[in-house]
Each structure stands twice: as structure tokens, then as C-alpha cells.
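# Chains, contacts and geometry: an overview
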Amino acid sequence: MRILSKPELKELVLYSPQHVARLEKAGKFPKRVQLGPNRVGWVESEVLKLDLSRFRVAPSARLSHLSFEGDRAFPAQC
């Protein structure tokens with residue numbers, strides 16, 4: 001299981017941290033995981049399972065480590 005940091009999440013979903021928090025509260029985005037007293041992250045597989053077409057997504061150049069099938073993104077197979 002890989003955990004995405006705030007900067008890594010920002011590369012995938014171009015929303016502000018405040019908007020991500022609102023989406024989490026509304027149940028439209030995976031909940032953050034507490035990693036320490038001042039550090040949080042998101043489970044990568046949960047974020048990638050999202051219907052990314054509903055979100056503002058980073059340009060495809062930043063998503064080169066992902067492969068797409070329909071409207072879902074998956075880690076690219078090496």
C-alpha cells in the first residue's frame with residue numbers, strides 16, 4: 001500500500017487542500033490517513049479508483065506513471 005503525500009495528491013487532483021477536505025466530508029473523496037501528529041496522506045489505490053473525469057485532473061504529462069482504461073486510472077504496468 002502506497003500513501004500519497006499532500007504534494008503528490010496535488011499532482012493528481014488539482015484542487016486546493018480546503019476543497020479536498022470538503023469533498024472528503026461529503027463522502028466524495030477518500031478519507032485521509034493520519035500518519036503522525038502533523039502528517040496525513042491518502043491511500044493511492046483509493047484515490048486512483050475515483051472516477052477522475054469528475055475532478056480537475058493534472059495534465060497527462062504528470063500522470064505518465066498511470067494507465068487509463070475508460071474513465072479510470074491505474075498504476076502503469078512496467
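Residues numbered from 1 in each chain as written. Predicted model: local features only at pLDDT ≥ 70, side-chain atom pairs only at ≥ 80, totals over all residues. Heavy atoms only, no water.

## Brief notes about the sheet that holds strand β2 (residues 33-36)
One open sheet accounts for 3 strands, arranged β1-β3-β2; its pairing is antiparallel. Of all the strands in the sheet, the pair left with one neighbour each is β1 (3-4) and β2. (Pairing = 2+ DSSP bridges. Helix = DSSP H or I, 4+ residues; strand = E, 2+ residues; numbered from the N terminus.)

## A word on the nonpolar core
Within the largest apolar cluster, 13 residues are counted, with the highest numbers of intra-cluster contacts made by Leu 9, Leu 12, Val 20, Phe 29, Trp 42 and Val 47. Going through the elements one at a time, α1 (6-12), α2 (17-25), β3 (39-43) and α3 (44-48) are the ones with two or more residues in this core. (Core = buried A, V, L, I, M, F, W, Y, C linked by side-chain atoms within 4.5 Å. Buried < 20%, exposed > 50% of the residue type's maximum accessible area, 1.4 Å probe, protein only.)

## Remarks on the confidence of the model for the chain
Mean pLDDT over the chain works out to 78, with 64% of the residues at or above the 70 mark. Strand β4 (residues 66-69) is the least confidently modelled element of the chain, averaging 55 in pLDDT, while β3 averages 95, the highest of any element. (pLDDT = per-residue confidence, 0-100.)

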